[in-house]
Amino acid sequence: MLKILDTKILSTPMARLFISSLFINVCLIGFFALVSQPFGKFPGTVCRWDCGWYSDIVLNGYDHTPPVPVLGMYKNYAFFPFFPLLMHYIRAVIHLSFPTLAIIANATFASVMSTVAVYYMKERYSFQNSNLIIVLFSMFPYSFYFIIPYTEAIYGLALIAFIFLLYRRHWWQAGLAGVVLSATRPTGSLIIATLCILTWLSIWFRKNTMQEKLHQSLPLVGTAVISSAGLLAYMTFLQIRLGDPFAFAHAEIAWGRGLGFTNPLVHILQGLQTHDLKASLFVTAQARSQTYLAGMALAGLGIALWGAWRGFYTEAALLIVTFCAAVGEGPLESSPRYLFANPAMLCILSSAFGMFPPFIRQVMLLLCAMLQAVFLVLWSSGLSAFLI
């Protein structure tokens, strides 16, 4: 039996890529555990910031009282249900603490995500450097978000799967990936709409007959409808419990979001004008450098535009939409995470890294790993408000 597994499964290219990625992620978890020892017991040291909200939902469910649209009046409805619901049911079978279970699950999700990205990049862009994608997806500084008990891993996996399946015109399978997207984050539905519109435009600008265009458009509509099921299910739950299907949006007001859309560049300019790029703001849990956050958001936008120039139109469009949603609707906090712990960004960066000679590329990957190590220490210490 083991021989069959070895020859028919473990020896396939896909399995080797997955195992390689998983090995790197396991090493990352081990390093995380090592550097967190001075700050407490692992994996408790990993469960910071939003992790506490997910843990509360997994253990106690959602609040029973409606959100109050006032700054500082927090309710857990702002956090979408797919990830905590999945952890809740897995935990019912595998009796582990939420942080431990989430780390194991996210390492697996992240490995699947990078493996799918390899095949996507190879098929769509003829990008052949599989090892670069596997390493960069794990060792990029912001990739540690794929391991900690956040939604980055499952969201990233659903996103790259949705992009790839739409590209292949696997309509109903893409719809299932879309269900996960729309049930994982508020921006999921916005991303689905963007991708469906781009796919529809690609259909209608081809030199096909009107009948052929309609024939391809109808399944796309079905994909969009199926994808909306995740969001609609959550809104139905909120309507039944609170009488407010948009409670998730009202709850975000407590964090300063959902107060109205402002030109993202205005927020960026305001952040840059604070001139608060000080070392002390990178080792405190009370404040964060707005200049840093604005600079990183601007860098993310710049990379997206460069990606569009290089032909990564889909990935660039997704990053621009993410940029507008993250920066235009509230504070700059978390915008670097939304942009850089994102498979669309990492696909563009993989192409960029691949343009350099092997030695330079290895040095760049080493620098990424070193910066990630710094981030891991800061996260474990709890002195990492700029990483939220």
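From a predicted model like this one, the values you see are computed outputs, not experimental measurements.

A. Up close: the overall build of the chain. Within the chain, the secondary structure is distributed over 18 helices and zero strands. In terms of overall dimensions, the chain is globule-like: its C-alpha atoms have a radius of gyration of 21 Å, near the 21 Å expected for 388 residues. Its C-alpha atoms give the chain principal-axis dimensions of about 60 × 50 × 50 Å. Of all 388 residues assigned to the chain, the portion counted as buried reaches 51%. Relative to all contacts within the chain whose residues are 6 or more apart in sequence, the contacts with residues 24 or more apart total 73%. When the accessible surface of the chain is summed, it comes to about 17,600 Å², and 70% of that surface belongs to carbon and sulfur atoms.

B. Representation of the nonpolar core within the structure. Core analysis: the biggest nonpolar cluster contains 113 residues, and Met87, Tyr142, Phe144, Tyr145, Phe162 and Trp379 have the highest contact counts within it. Setting aside residues no more than four positions away along its own chain, phenylalanine 144 makes contact with Phe32, Gln372, Phe375, Leu376, Trp379 and Leu387.

C. Structural context of the pattern of salt bridges. The full count for this structure, using the stated rule, is four salt bridges. Aspartate 50 is paired through a salt bridge with arginine 337; the nearest N and O atoms lie 3.6 Å apart. Remark: arginine 337 occurs in helix 16 (residues 335-340) and aspartate 50 occurs in helix 3 (residues 50-60); sequence separation between them is 287 residues. Each member of the pair, aspartate 50 together with arginine 337, is buried. Of the charged contacts in the structure, one is a salt bridge between glutamate 123 and arginine 168, with a shortest N-O distance of 2.7 Å. One end of the pair, glutamate 123, is in helix 5 (residues 98-125); the other, arginine 168, is in the loop between helix 7 (152-167) and helix 8 (171-184), with 45 residues separating them in the sequence. In this structure glutamate 123 comes out as partly exposed when scored by relative accessible area, which is 36%. By relative accessible area, which is 38% here, arginine 168 ends up partly exposed.

D. The arrangement of a nonpolar patch on the surface in detail. A surface patch of nonpolar side chains, amounting to about 790 Å² of accessible area, comprises Met355, Phe356, Phe359, Ile360, Val363, Leu366, Leu367 and Met370. Structurally, phenylalanine 356 can be placed in the loop between helix 17 (343-353) and helix 18 (358-381). On the accessibility criterion, phenylalanine 356 (37% relative accessible area) is partly exposed.

E. Representation of the side chain of threonine 194 in the model. Assignment of secondary structure puts threonine 194 in helix 9 (residues 187-204). The exposure class of threonine 194 is buried, given its relative accessible area of 14%. The contacts of threonine 194, once residues within four sequence positions are left out, are Ala317, Leu318 and Val321.

F. Representation of the environment of glutamine 362 within the structure. Here glutamine 362 lies in helix 18. Take glutamine 362: its relative accessible area is 53%, and that puts it in the exposed class. Separated by 319 residues in sequence, glutamine 362 and proline 43 place their C-alpha atoms 30 Å apart.

G. Main features of the packing of helix 14 (residues 290-309) against helix 17. Running from N to C, helix 14 and helix 17 cross one another at 65°; their axes reach a closest spacing of 10 Å. When the axes of helix 14 and helix 17 are compared, the pair comes out roughly perpendicular. As for the relative orientation of helix 14 and helix 17, their crossing is left-handed in sense. Counting all contacts with helix 14, which are made through Gly300, Ile303, Ala304, Trp306 and Gly307, the residues of helix 17 involved are Met345, Ile348, Leu349 and Ala352. Class assignment for the residues of the contact of helix 14 with helix 17 results in seven nonpolar, two polar and no charged.

H. View of the packing of aromatic side chains. Under the criterion given, the structure shown has 26 aromatic pairs. Judged by centre distance (5.7 Å) and plane angle (40°), the rings of tyrosine 62 and tyrosine 234 are tilted. Note that tyrosine 62 is positioned in the loop between helix 3 and helix 4 (82-93) and tyrosine 234 in helix 11 (residues 229-242), a separation of 172 residues in sequence. Centre to centre, the rings of phenylalanine 83 and phenylalanine 98 are 6.2 Å apart; their planes meet at 65°, and the pair counts as edge-to-face. Linking phenylalanine 83 in helix 4 with phenylalanine 98 in helix 5, this pair joins segments that are 15 residues apart in sequence. Its relative accessible area of 2% is what places phenylalanine 98 among the buried residues. By way of ring pairs, the aromatic residues Phe140, Tyr142, Phe144, Tyr145, Tyr150, Phe340, Phe375 and Trp379 are connected into one cluster.

Cut-off values and rules
Residues numbered from 1 in each chain as written. Predicted model: local features only at pLDDT ≥ 70, side-chain atom pairs only at ≥ 80, totals over all residues. Heavy atoms only, no water. Helix = DSSP H or I, 4+ residues; strand = E, 2+ residues; numbered from the N terminus. Rg over C-alpha atoms; globule rule 2.2 N^0.38 Å. Buried < 20%, exposed > 50% of the residue type's maximum accessible area, 1.4 Å probe, protein only. Contact = heavy atoms within 4.5 Å. Areas by Shrake-Rupley, 256 points an atom, 1.4 Å probe, with all protein chains shown as cover. Core = buried A, V, L, I, M, F, W, Y, C linked by side-chain atoms within 4.5 Å. Salt bridge = Lys/Arg side-chain N within 4 Å of Asp/Glu carboxyl O. Patch = residues over 30% accessible without salt bridge, like charges linked within 9 Å, V, L, I, M, F, W, Y side chains within 5 Å. Axes fitted to C-alpha atoms, helices over the stretch in contact; angles between N-to-C directions. Parallel < 35°, antiparallel > 145°, perpendicular 65-115°, else oblique. Left-handed = near helix turned anticlockwise from the far one by under 90°. Nonpolar A, V, L, I, M, F, W, Y, C, P; charged D, E, K, R; others polar. Phe/Tyr/Trp six-rings, centres within 6.5 Å; stacked < 30°, edge-to-face > 60°.

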